[in-house]
Amino acid sequence: MHRFESGRRLIFMKILRLYSSIIGSLSRKRWVVAFLPLLLLLFNMVIFPSIMARGNLQPHDIMLHYPAGDLIEYVQGMSPSQKTFSLVFHTTADIIYPVLYTILLSVLLFLTSGKNKGYQSSQTNFGLTSLPLTIFFFDLLENAGMIILVILSKSETPLPEVLFSLTAAATIIKWIFAGITILILGFTFLSYLFRKFKNHS
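Fair warning: this is a prediction, and the values are worked out from it, not measured in the lab.

## What to know about the overall build of the chain
Right, on to step 1. What the chain contains, in helices and strands, is eight helices and zero strands.
Right, on to step 2. In the chain, the order of α-helices and β-strands from amino to carboxyl end is α-α-α-α-α-α-α-α.
Right, on to step 3. When burial is assessed residue by residue, the chain has 38% of its 201 residues classed as buried.
Right, on to step 4. Taking contacts inside the chain between residues at least 6 apart in sequence as the whole, the part at least 24 apart equals 82%.
Right, on to step 5. Total accessible area computed for the chain in this model is approximately 12300 Å², and 71% of it derives from carbon and sulfur atoms.

Quick look at the structure:
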């Protein structure tokens, strides 16, 4: 059992190091930092509003917090066409979007906290670069919860409330990690500016 746990931990660390290596490579491409924010803006200003308007959707994942009861009422009140739009939304745009913001946040954390000598051996910088993956993970859990709820929801057979509670919890945890990540990014950015100012003074 101990050997299995050690092996699983080793695989997990290899995946994180591979991810960190990819982020390091992307951070050397200036177009990434310029292009990704524009792409995210396109999603927020055009793609998401268009899908929501056409499908008459009211996604709960943009809220910081919502009671499970609100989600129950929303899902059970969806029409067949709304369910179709919801499934399309949560299996396409709402998966691509987390990929984009996760990469952007990781690149920004790499540039502001890890672009220095000894980065490869720095566990702190390695952890900071991987931090946005926690947001991505809970965002995917949230999407998976919504997909399951929409597919299984039927007015004659109510779903267990725990499924709605778990989906709502994933949303809360996602936003908690998002807040932590933004705060850390703000700190690393100020530190980066301080280092630049110090080196030029």
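## Details of the packing of aromatic side chains
How two aromatic rings sit relative to each other is given by the distance of their centres and the angle of their planes.
Right, on to step 1. One pass over the full model with this rule turns up eight aromatic pairs.
Right, on to step 2. With centroids separated by 5.0 Å and ring planes inclined at 70°, the aromatic side chains of Phe48 and Tyr97 adopt a geometry described as edge-to-face. A residue pair is termed long-range when its members are at least 10 positions apart, and Phe48 in helix 2 (residues 30-55) and Tyr97 in helix 5 (residues 93-114) qualify at 49 residues. Side by side, Phe48 and Tyr97 carry an identical accessibility label, which is buried.
Right, on to step 3. Among the aromatic residues, ring-to-ring pairing joins Phe43, Phe48, Phe89, Tyr97 and Tyr101 into one connected group.

## Observations regarding the side chain of His90
Right, on to step 1. Of note, His90 is situated in helix 4 (residues 80-91).
Right, on to step 2. Separated by 3.2 Å, the side chains of His90 and Asp94 make a polar contact.
Right, on to step 3. Ignoring anything within four residues of it in the chain, the contact list for His90 reads Asp61, Ile95, Asn143, Met146 and Ile147.

## A short note on the side chain of Asn143
Right, on to step 1. Note that Asn143 resides in helix 7 (residues 132-152).
Right, on to step 2. At 2.6 Å, the side chain of Asn143 and the backbone oxygen of Asp94 are in polar contact.
Right, on to step 3. With residues near it in sequence (within four places) discarded, Asn143 still touches Asp61, His90, Asp94 and Ile95.

## So, the confidence of the model for the chain
Right, on to step 1. Confidence along the chain averages 85 in pLDDT terms, with 88% of residues attaining 70 or more.
Right, on to step 2. Across residues 116-121, where pLDDT falls below 50, the model places eight contacts with residues more than four positions away in sequence or in other chains.

## Focus on the nonpolar core
Side chains of a nonpolar character, in soluble globular proteins, are inclined to be buried together.
Right, on to step 1. Among the nonpolar cores identified, the biggest contains 37 residues, and Phe48, Leu71, Tyr74, Val75, Phe89 and Phe164 are the most heavily contacted of them.
Right, on to step 2. Counting only elements with at least two residues in this core, the list comes to helix 1 (2-27), helix 2, helix 3 (68-76), helix 5, helix 7 and helix 8 (161-200).
Right, on to step 3. When sequence neighbours within four positions are dropped, the list of residues in contact with Tyr74 reads Leu57, Gln58, Pro59, His60 and Met146.

## Quick word on the packing of helix 3 against helix 7
Right, on to step 1. Direction vectors running N to C along helix 3 and helix 7 enclose 45°, while the axes themselves pass 10 Å from each other. Judged on the interaxial angle alone, helix 7 and helix 3 are oblique. Crossing of helix 3 over helix 7 shows right-handed handedness. Across the interface between the two elements, Leu71, Tyr74 and Val75 of helix 3 pack against Met146, Leu149 and Val150 of helix 7.
Right, on to step 2. Counted by class, the contact of helix 3 with helix 7 contains six nonpolar, no polar and no charged residues.

Scoring rules and cut-offs
For every chain, the first residue of the written sequence is number 1, and numbering continues from 1 along that sequence. Residue-level local features of this predicted model are given only where pLDDT is at least 70; pairs of side-chain atoms are given and counted only at 80 or more, and the full residue set underlies all totals for whole chains, interfaces and linings. To obtain the side-chain values, all non-hydrogen atoms of the structure were used and water was disregarded. Numbered from the N terminus, helices here are DSSP runs of H or I no shorter than four residues, and strands are runs of E no shorter than two. Categorising residues by exposure relies on relative accessible area from a 1.4 Å probe, with only protein chains included: less than 20% of the type maximum marks a residue as buried, more than 50% marks it as exposed, and the intermediate range marks it as partly exposed. Between two residues, a contact is recorded if the distance between any of their heavy atoms is within 4.5 Å. Areas reported here follow the Shrake-Rupley algorithm with a probe of radius 1.4 Å; residue values treat only the protein chains shown as occluding. Working definition: rings of Phe, Tyr and Trp (its six-membered ring) pair if their centres are within 6.5 Å, and the pair is stacked with planes under 30 degrees apart, edge-to-face with planes over 60 apart, and tilted otherwise. Any pair of N or O atoms that falls within 3.5 Å is considered a polar contact. Within protein, one atom must be able to donate a hydrogen and the other to accept it, and sequence-neighbouring residues count only if both atoms are side-chain atoms. For every residue, the predictor assigns a confidence score, pLDDT, that lies between 0 and 100. Definition of nonpolar core: a set of buried residues of the types Ala, Val, Leu, Ile, Met, Phe, Trp, Tyr and Cys, connected through side-chain atoms within 4.5 Å. Inter-axis angles, ranging from 0 to 180 degrees, are taken between N-to-C directions of lines fitted to C-alpha atoms, where helices are fitted over the stretch in contact. Just so you know how the angles are binned, under 35 degrees is roughly parallel, over 145 roughly antiparallel, 65 to 115 roughly perpendicular, and the rest oblique. When the near helix sits turned anticlockwise from the far one by under a right angle, the crossing is termed left-handed; a clockwise turn instead gives a right-handed crossing. Asp, Glu, Lys and Arg are counted as charged, while Ala, Val, Leu, Ile, Met, Phe, Trp, Tyr, Cys and Pro are counted as nonpolar; the rest, among them Gly, fall into the polar class.

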